[in-house]
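# Architecture and fold: a report
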Amino acid sequence: SNNCPKVTLTASPQKATPSQTITLAAKATDPEGDPLTMKWSVTNPQGKTIRVVWNGKVTTGNAQMTDTVTWKNPPVGQYKISVSISDGQCGKTEKVSTQVLVQAGMTVSVATKLKTYSPGEIVVIYGSVKDEKGGLDLAAVEVNVEGTLLSATTDPFGKYTCRFQIPPSSKPMNYKVIAKASYSGYPPKSASTSFSVGKKALLVKVSTDKTHYLIGETVECTIMVTDSQGIAVSNADLTITATRLKSGKNPVVSYGVTDPSGKFFCTFPWGKKTTGKPIAEGKLKIEVKAEHLGASTWKGYAPGYGSVMVSGCGDGNLECSDPSTYCENCFNCPEDSQCKAEEICDPLNELSDPKTGCSPKMAIIFTTNDDPAYDWRHKYFASNELNFIRKKFKVKKYRIKEVKLSGKLTYLPKKKKHQWVPDKNQIARYLAMPSTKAIAFFGHGGSLVDEARKKHRPSLGGGNTANQLQKSVLNATALNYQKLYKLGYMEAYNKARKEIYSNPKWDCGLDYAYIHACHSLDDNSLLNFLIRQGATYWGDEGILYGIDPLVKKTKP
């Protein structure tokens, strides 16, 4: 009888990450020295074959043969790899299999605030633990600093921090830092860095008035120099370098001397516009070298170094899902705006893209269905006009939002009667949104100006004239600015007031206003307040009856 061949199969490594290359080696021998044929196969946990170049590969050889394949960039999962061998004589095919597990891998980073320290200083060690989806929460990190073990746990964004105290008696040397991260379901991962300890050096701290800047703003920088005991160092010579990392602009180098409190103040413009487009700064790295050249208390101290990184418009940092991280959008960095032609920059709109701040153009349809005396009239007469304006706004590709206005029964002295007046603040909230490009109003209108003229001032609801609404829009705009610019209310209010009242032709910038209310065109005050130049306004001169068509006007 003829003996069948024998075959072995090894995988290295058997547990891998998608970034690793797996090496598979098969060895076969035949007792009688018959020629051999070898075939590869690989299946997923469901038993289905997967697409890899060596799946189904057939190799022939002599009585002793070896075949090796490599698997690059394997997808995540558990796989069965098999090799079958036949000599064509023994009457059957021998088969051997092994399992390979591919797990999603982690990436680990570790760094120190500075690269050079003095004996006795505290080293801040920080980094992150992430997978392909982002930061891993509650990952355990063990940090080894030349035999001293520190432990840390990552926050919800995968970041960790720990501190190492350099012994005061430390001699000049290099310290190696190894961070090893562990997380359930992932193989451990390590990263390393190093820092050096030299003789006593001046300590330099660099800070700015804020961390992120808009085009045209000024970076106000404060430099503080102390010795290892924390005593302020006066008359220290400073070399200050500011490098604009994205614009490619040459570094700005300046010099200074610390005052008796050990401080020095400097400023840098952020993307200041001179001619053409503003500079897209991206990031600005401010580096400071401090040394004491004269004979003094600090003679013998090594030069100290400090730096700070500030950023703002030009970063392209549009991912805003991390609330602890500054992000740019179309509002605070219009130079980087990614809004499409059919979109409006309005980060506060609930329908805006959270990454870019871009919002669809909105059409707001206001209805006032709370007046018990006249509710049925507006419902009856306005139903056709409501359907008409809905269709028109859809054709214009506006995103439609219908708002039922709240209000209260108010006594109007000039009309000498009570009337249901909708809440002007509720209307103003939408008029102050940049994304609101069209409105329709269905309700009462007209506020009597005086008995002599017998003319009504157009209004939305009988008590909300253009002047009254402007004040409410001012307040709503101030609240928006408070959120967008991170200002106090009065500062935001003054900014909005200057913008609105300094321009006598200021308006709400609407493209369309459809005011299905009496007296809505007795004069042009409401028209001028609501729509921009060249835009379209529908209203009525006098009392509006159900069968009356609205008058169409364009703002000259």
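Everything discussed here concerns the structure shown above.
Keep in mind that this is a model prediction, so the values were computed, not measured. Residue indices follow the written sequence of each chain, beginning from 1 at its first position. Given that the model is predicted, a residue must reach a pLDDT of at least 70 before its local features are reported, and side-chain atom pairs must reach 80 or more before they are shown or counted; all residues, however, enter totals for whole chains, interfaces and linings. Each side-chain value is derived from all of the structure's non-hydrogen atoms; neither hydrogens nor water enter the calculation.

### Quick look at helix 2 (residues 424-431)
So the rule is basically this: Partly exposed residues are those whose accessible area sits between 20% and 50% of the maximum for their type, while under 20% is buried and over 50% is exposed, using a 1.4 Å probe and protein chains only. Working definition: helices are DSSP H or I runs of at least four residues, strands are E runs of at least two. Numbering for both runs from the N terminus. By the criterion applied in these results, polar contacts are pairs of N or O atoms within 3.5 Å in which, for protein atoms, one can donate a hydrogen and the other can accept it, and in which residues neighboring in sequence qualify only through two side-chain atoms.
Among the residues of helix 2, those classed as buried are Gln 426, Ile 427, Ala 428, Tyr 430 and Leu 431. Where helix 2 begins, the side chain of Asp 423 points an oxygen toward the backbone nitrogen of Asn 425, at a separation of 3.0 Å.

### So, the sheet that holds strand 35 (residues 510-516)
For clarity, the threshold we go by: What makes two strands pair is DSSP finding at least two bridges between them. For every element, the axis is a line fit to its C-alpha atoms; helices are fit only across the contacting stretch, and the angle between N-to-C directions ranges from 0 to 180 degrees. It only takes one pair of heavy atoms within 4.5 Å for two residues to be counted as in contact.
With respect to topology, six strands assemble into an open sheet ordered 29-28-32-35-36-37, the strand pairing being mixed. At either end of the open sheet lies a strand with only one pairing partner, and these are strand 29 (399-404) and strand 37 (551-554). Strand-to-strand twist across the sheet, computed as the mean angle between neighbouring axes with direction ignored, equals 15 degrees. In terms of strand pairing, strand 28 (residues 362-367) meets strand 29 through six bridges, oriented parallel. Considered in strand 29, the bridge of Met 362 is made with Arg 399. Contacts from helix 2 reach strand 28, strand 29, strand 32 (436-442) and strand 35 within the one sheet, and its direction differs from that of strand 29 by about 170 degrees.

### Some details on the packing of aromatic side chains
To keep it simple, the criterion reads: Stacked, tilted and edge-to-face are the three classes assigned to paired rings of Phe, Tyr and Trp, where Trp is represented by its six-membered ring and a pair needs centres within 6.5 Å; plane angles under 30 degrees give stacked, over 60 edge-to-face, the rest tilted.
On inspection of all chains with the given rule, the structure shows 17 aromatic pairs. When the ring of Trp 40 is compared with that of Trp 54, the centres are 5.9 Å apart and the planes differ by 80 degrees; the resulting orientation is edge-to-face. Here Trp 40 is found in strand 4 (residues 36-43), whereas its partner Trp 54 is found in the loop between strand 4 and strand 5 (58-61), with 14 residues between them in sequence. Judged on exposure class, the residue Trp 40 and its partner Trp 54 are both buried. Judged by centre distance (6.4 Å) and plane angle (55 degrees), the rings of Phe 164 and Phe 195 are tilted. Of this pair, Phe 164 sits in strand 15 (residues 159-165) while Phe 195 sits in strand 17 (residues 186-197), and the two are 31 residues apart along the sequence.

### Things to note about the sheet that holds strand 23 (residues 263-269)
Judged by pairing direction, the sheet is antiparallel, and its three strands sit side by side in the order 18-20-23 without closing on themselves. Looking at the sheet topology across the chains shown, the edges are occupied by strand 18 (203-208) and strand 23. Averaged over all pairs of adjacent strands, the angle between their axes in this sheet comes to 20 degrees, without regard to strand direction. Relative to strand 20 (residues 218-226), strand 18 runs antiparallel, the two sharing six bridges. Among the inter-strand pairings, Leu 203 is bridged to a residue of strand 20, identified as Thr 226.

### Remarks on the packing of helix 2 against helix 3 (residues 466-485)
Threshold: When an angle is under 35 degrees it counts as roughly parallel; over 145 it counts as roughly antiparallel; between 65 and 115 it counts as roughly perpendicular; any other value is oblique. Throughout, a crossing is termed right-handed when the near helix is turned clockwise from the far one, and left-handed when it is turned anticlockwise from it by less than a right angle. Gly counts as polar in this scheme, as do all residues outside two lists: the nonpolar Ala, Val, Leu, Ile, Met, Phe, Trp, Tyr, Cys and Pro, and the charged Asp, Glu, Lys and Arg.
Their axes nearest at 8 Å, the elements helix 2 and helix 3 cross at an angle of 60 degrees. It follows from the interaxial angle that helix 2 and helix 3 lie oblique. Here helix 2 and helix 3 pass one another in a crossing that is right-handed. Residue-level contacts link Lys 424, Asn 425, Ile 427, Ala 428, Arg 429 and Leu 431 of helix 2 to Gln 468, Leu 469, Ser 472, Val 473 and Ala 476 of helix 3. Residue composition of the contact of helix 2 with helix 3, grouped by class: six nonpolar, three polar and two charged.

### A short note on unusual backbone geometry
The linkage connecting Ser 12 with the following residue, Pro 13, adopts the cis geometry, with an omega of -5 degrees. Positionally, Pro 13 belongs in the loop between strand 1 (6-12) and strand 2 (15-16). One non-glycine residue with positive phi stands out, namely Asn 73, at about 50 degrees. Checked against the element boundaries, Asn 73 lands in the loop between strand 6 (64-71) and strand 7 (77-86). The phi dihedral of Leu 138 is positive, around 65 degrees, even though this residue is not glycine. On the secondary structure map, Leu 138 appears in the loop between strand 12 (134-135) and strand 13 (140-145). Given the relative accessible area of 61%, Leu 138 is considered exposed.

### Remarks on a nonpolar patch on the surface
Filter applied, for reference: Like charges are joined within 9 Å and nonpolar side chains (Val, Leu, Ile, Met, Phe, Trp, Tyr) within 5 Å, but only among residues with over 30% relative accessible area and no salt bridge; these make up the patches. Using a 1.4 Å probe, the Shrake-Rupley method yields the accessible areas, and only the shown protein chains count as cover for residues. We define a salt bridge as a side-chain nitrogen of Lys or Arg found within 4 Å of a carboxyl oxygen belonging to Asp or Glu.
Judged by side-chain polarity, Leu 479, Tyr 489 and Met 490 come together as a nonpolar surface patch covering roughly 280 Å² of accessible area. With respect to the element layout, Met 490 can be found in helix 4 (residues 489-501). Relative accessible area serves as the criterion here: at 52%, Met 490 is assigned to the exposed category.

### Comments concerning the pattern of salt bridges
This model, assessed by the stated rule, comprises 10 salt bridges. In this structure, Lys 285 engages Glu 287 in a salt bridge whose closest nitrogen and oxygen atoms are separated by 3.7 Å. Lys 285 gets classed as partly exposed once you look at its relative accessible area, which sits at 29%. With its nearest N and O atoms 2.6 Å apart, the salt bridge here joins Arg 532 to Asp 511. Within this pair, whereas Arg 532 is found in strand 36 (residues 531-539), its partner Asp 511 is found in strand 35, the two being separated by 21 residues in sequence. Given the relative accessible area of 34%, Arg 532 is considered partly exposed.

### Points about the side chain of Asp 346
Test applied: For the charge count, each Lys or Arg is scored as positive and each Asp or Glu as negative, with His and the chain ends excluded.
Within the secondary structure, Asp 346 is located in the loop between strand 26 (343-345) and strand 27 (358-360). There is no salt bridge for the buried Asp 346, and the closest opposite charge comes from Arg 429, which lies 9.5 Å off by N-O distance. Not counting chain neighbours up to four residues away, the residues in contact with Asp 346 comprise Cys 330, Ser 352, Gly 357, Ser 359, Met 433, Pro 434 and Ser 435.

### What to know about the state of the cysteines
Rules: The rule for a disulfide is simple: a pair of cysteine sulfur atoms within 2.5 Å.
Scanning all chains against the criterion turns up two disulfides. Each disulfide pairs two cysteine sulfurs, and for Cys 4 the partner residue is Cys 90, the sulfurs being separated by 2.0 Å. Disulfide Cys 4-Cys 90: the torsion about the S-S bond is 100 degrees, which places it as right-handed. One end of the pair, Cys 4, is in the segment before strand 1; the other, Cys 90, is in the loop between strand 7 and strand 8 (94-102), and 86 residues separate them in sequence. Taking relative accessible area as the criterion, Cys 90 reaches 17% and is therefore assigned buried. There is a disulfide in this structure between Cys 339 and Cys 358, and the S-S distance comes to 2.0 Å. Given an S-S torsion of about -95 degrees, the disulfide between Cys 339 and Cys 358 has left-handed geometry.

That's the geometry; what it means functionally is another story.
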